[in-house]
Amino acid sequence: MSRIDELIERLCPDGVEHKALGEVGTFTRGSGIQKKDFVDEGIGCIHYGQIYTSYGLFADKTLSFISPDFAKGKRMAKSGDLVIATTSENEEDVCKAVAWLGDEEIAVSNDAYIYSHSLNPKYMAYFFQSDLFQTQKAPYITGTKVLRVSGDSMAKFRIPVPPMEIQEEIVRILDSFSELEAELEAELEAELGARTQQYGYYRDRFVDSPLIDAQNIASISLGNICEKPMYGSGAKAVDGNPASDIRYIRITDITENGTLGHDWKTASSVDQKYLLKQGDILFARSGATAGKTIQYDIAMGKAIFAGYLIRFRVNSEEFLPRFVYHCVNSTRYWTWLDHVKGGGAQPNVSAKDYASFLIPVLPLEEQHRIVTILDKFDALVNDLSSSIPAEIEARRKQYEYYRDKLLTFKEKSGD
């Protein structure tokens, strides 16, 4: 028998009383505080927008402050109170709550409520995350662009109120789950970081300038081993084009790892000259993403490319397209690119610029060896990049399941 089961059997064998939030606490609307009122130090404050962008479930320090004079007359949250955002542009963030655990009282902006109550503050914060709370919230959401739930509405929501000893045990268990989830995420991210760094080390060792220069290896410009570069199609991206199942690759479809995202788009019209072939390399030519690359593989399905991408197609029998692609993902490439882009806010890298990038001239046998090694690292990094979010999501679902299970009690029947 678990500790929770023992406590329930001993303290509430006939069930747990459920009460309206208005019975165990009070809702007080925050005061008029805007971001322009923030100062570097003073009285701590929480702005409603920060609750769903910058805070977790609990906080003992504020991110913002207002002056002591401005704080006079403002509505304040004390230690143990919940601060609840009651407006948002999406249903998930409406009624997101943070339990204030700091020693000092803090000011709270309007469009947020202070909920003062008699329960364990962490227990309350976990309850506001639960499926039981979210189910009760849905019918009371009003508005279209800006969604709201009033304090009067929240006061009607019902919460199981087990004895304090059970609340504390639930908090202990859920805190442990949260710590394990954070540790797992950190471990997985560290593993990805280590493998990415290792991949970069070997890629740079094989194709970057120090080794190349030390061996006096000749170089040749990208433009001299490729067909004339081509700018992409001006067609529009659509969710589905009945006339074609050809994918339309845009800059935004290319991930940081040089793979395609899952947001499938087709082109409003298809010109055959823009069809990609195995090994084609696409370069982003403008804006913050200038320099980002992807190499087309037929496994991606038939595809054409958008106007802000430039296609380079290796046509020299002395170079493997895959070797060239690894060269344009090296540290040397990005250093060169920073010089080409200059310091402008909206850099633009032309086909002529890309064509000038130098590729080391190595025997095909050596290119094959390098590609084999680097592709193994590339596959490992991309596998980790896709599996880590899935692993974290699976653990989060597991956590949510146990959280909701812990917060579900047989309701005590009325006398």
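Just above sits the structure.
As the structure is a prediction and not an experimental result, all values here were calculated from the model.

Q: Would you mind going over the overall build of the protein with me for this structure?
A: What the protein contains, in helices and strands, is 13 helices and 23 strands. For 415 residues, the compact-globule estimate of 2.2 N^0.38 gives 22 Å, and the C-alpha radius of gyration of the protein, at 29 Å, exceeds that figure by more than 25%. For the protein, the spread of C-alpha atoms along the three principal axes comes to 90 × 55 × 50 Å. Put simply, the protein has 415 residues, and 47% of those count as buried.

Q: Is there a simple way to think about the sheet that holds strand β10 (residues 106-108) in this case?
A: Backbone-to-backbone hydrogen bonds pair the strands of a sheet. The strands run either parallel or antiparallel. In space, the 4 strands of this open sheet follow the order β5-β3-β10-β6, with mixed pairing throughout. Of all the strands in the sheet, just β5 (64-66) and β6 (76-77) have a single pairing partner and so form its edges. Two elements, β6 and β10, share 2 bridges in a ladder whose sense is antiparallel. Bridge pairing in β10 places M76 opposite A107.

Q: Sorry, what's going on with the pattern of salt bridges here?
A: Tallied over the full model, the rule gives 23 salt bridges. The partner of E169 in a salt bridge is R172, and the shortest N-O contact between them spans 2.7 Å. With E169 and R172 both in helix α8 (residues 164-207) and 3 residues apart, this pair spans about one turn of that helix. For E169, a relative accessible area of 9% translates into the label buried. When salt bridges that share partners are traced, they join E181, E393, R396 and K397 into one network.

Q: Can you help me understand the pairing of strand β11 (residues 112-117) in this one?
A: Looking along a regular strand, one sees side chains alternate from face to face of the sheet. Most of β11 is tucked away, with 6 of its 6 residues classed as buried. Neither face of β11 is exposed, since A112, I114 and S116 on one face and Y113, Y115 and H117 on the opposite face are all buried. In this sheet, β11 lies alongside strand β2 (residues 25-29) in antiparallel orientation, the contact comprising 5 bridges. Residue pairing in the sheet places G25 in a bridge with H117 of β11. Judged from the 4 bridges that link them, strand β7 (residues 82-85) and β11 form a sheet pairing that is antiparallel. Bridge pairing in β11 links I84 to Y113.

Q: Can you help me understand the packing of aromatic side chains in this one?
A: Here a ring pair, both rings aromatic, is described through the centre-centre distance and the interplanar angle of the planes. By the definition in use, this model includes 21 aromatic pairs. Centroid distance F27 to Y113: 6.3 Å. Interplanar angle 85°. Geometry classified as edge-to-face. Taken as a pair, F27 in strand β2 and Y113 in strand β11 lie far apart in primary sequence, 86 residues in all. Judged on exposure class, the residue F27 and its partner Y113 are both buried. Aromatic side chains Y401 and Y402 sit 5.1 Å apart centroid to centroid with 75° between the ring planes, which places their arrangement in the edge-to-face category. You can call Y402 partly exposed: its relative accessible area is 35%.

Q: It is not clear to me how the sheet that holds strand β15 (residues 230-231) should be interpreted in this structure. Could you clarify?
A: Spatially, 4 strands are ordered β15-β22-β19-β20 in an open sheet, and the strand pairing comes out antiparallel. Looking at the sheet topology across the chains shown, the edges are occupied by β15 and β20 (293-295). Bridge count for strand β19 (residues 281-284) against strand β22 (residues 309-312) is 4 bridges, and the pairing is antiparallel. Note on β22: the bridge partner recorded for A284 is L309.

Q: I tried to follow unusual backbone geometry on my own but got confused; where do I start?
A: Phi is mostly negative for residues that are not glycine, and the peptide bonds are mostly trans. Notably, C95 is not glycine yet its phi reads approximately 75°, a positive angle. Within the secondary structure, C95 sits in the loop between β8 (87-88) and β9 (97-100). Given a relative accessible area of 1%, C95 falls into the buried group.

Q: Is there a simple way to explain the packing of helix α1 (residues 3-11) against α8 in this structure?
A: The contact between α1 and α8 brings their axes to 10 Å, and the two run at 170°. The angle between the axes of α1 and α8 places the two elements in the roughly antiparallel class. Residue-level contacts link R3, I4, L7, I8, R10 and L11 of α1 to E165, I166, E169, I170 and I173 of α8. In terms of residue class, the contact of α1 with α8 is built from 7 nonpolar, no polar and 4 charged.

Q: Explain the packing of helix α5 (residues 121-129) against α8 to me, please; I cannot follow it from the model alone.
A: Think of two packed helices as two axes; the pair is described by the angle between the axes and how far apart they sit. Their axes nearest at 9 Å, the elements α5 and α8 cross at an angle of 60°. Of the two elements, α5 crosses α8, and the hand of that crossing is left-handed. In this structure, α5 contributes K122, Y123 and Y126 to the contact, and α8 contributes Q167, I170, V171, L174, D175 and S178.

Q: Would you mind showing me how to read the nonpolar core here?
A: A general trend in soluble globular proteins is that nonpolar side chains are found buried together. Of all hydrophobic cores here, the largest spans 41 residues; its most connected members are F323, Y354 and I359. Listed by contribution, the elements that provide at least two residues to this core are α8, β19, β22, α10 (321-327), α11 (331-341), α12 (351-355) and α13 (364-406). The dominant element in this core, judged by the number of residues it contributes, is α13, at 8 residues. With near-sequence residues (within four places) excluded, I359 lies in contact with A218, S219, I220, L222, I225, F319, F323, V324, C327 and V328.

Q: It is not clear to me how the environment of A237 should be interpreted in this structure. Could you clarify?
A: Here A237 lies in strand β16 (residues 237-238). Between the C-alpha atoms of A237 and V207, which are 30 residues apart in sequence, the distance is 36 Å. Other than its neighbours up to four places away in sequence, A237 contacts Y248, R250, K265 and T266.

Cut-offs applied
- Each residue is numbered by its place in its chain's sequence as written, counting from 1.
- Residue-level local features of this predicted model are given only where pLDDT is at least 70; pairs of side-chain atoms are given and counted only at 80 or more, and the full residue set underlies all totals for whole chains, interfaces and linings.
- Just so you know, side-chain values use all the structure's heavy atoms and leave hydrogens and water out.
- A helix here means a DSSP run of H or I that spans at least four residues, while a strand means a run of E at least two residues long, and both kinds are numbered starting from the N terminus.
- Here the globule rule is a power law, 2.2 Å times the number of residues to the power 0.38, and the radius of gyration is based on C-alpha atoms.
- Only protein chains enter the accessibility calculation, which uses a 1.4 Å probe; a residue is then buried when its area is under 20% of its type maximum, exposed when over 50%, and partly exposed in between.
- A pair of strands counts as paired when DSSP detects no fewer than two bridges linking them.
- Salt bridge, as used here: a side-chain nitrogen of Lys or Arg that lies within 4 Å of a carboxyl oxygen of Asp or Glu.
- Between 30 and 60 degrees the pair is tilted, below 30 it is stacked and above 60 it is edge-to-face, where a pair is any two Phe, Tyr or Trp rings, Trp via its six-membered ring, whose centres lie within 6.5 Å.
- An axis is simply a line fitted to the C-alpha atoms; with a helix, the fit covers only the stretch in contact. Between two such axes, the angle follows the N-to-C directions and lies from 0 to 180 degrees.
- Here the angle decides the label: under 35 degrees means roughly parallel, over 145 means roughly antiparallel, 65 to 115 means roughly perpendicular, and every other value means oblique.
- Contacts are residue-level and defined by heavy atoms, with any inter-residue pair within 4.5 Å sufficient.
- All amino acids are sorted into three groups, where Ala, Val, Leu, Ile, Met, Phe, Trp, Tyr, Cys and Pro are nonpolar, Asp, Glu, Lys and Arg are charged, and the leftover types, Gly among them, are polar.
- Crossing handedness: left-handed means the near helix sits turned counterclockwise from the far one by under a right angle, and right-handed means the same turn made clockwise.
- In these notes, a set of buried Ala, Val, Leu, Ile, Met, Phe, Trp, Tyr and Cys residues joined through side-chain atoms within 4.5 Å is what counts as a nonpolar core.

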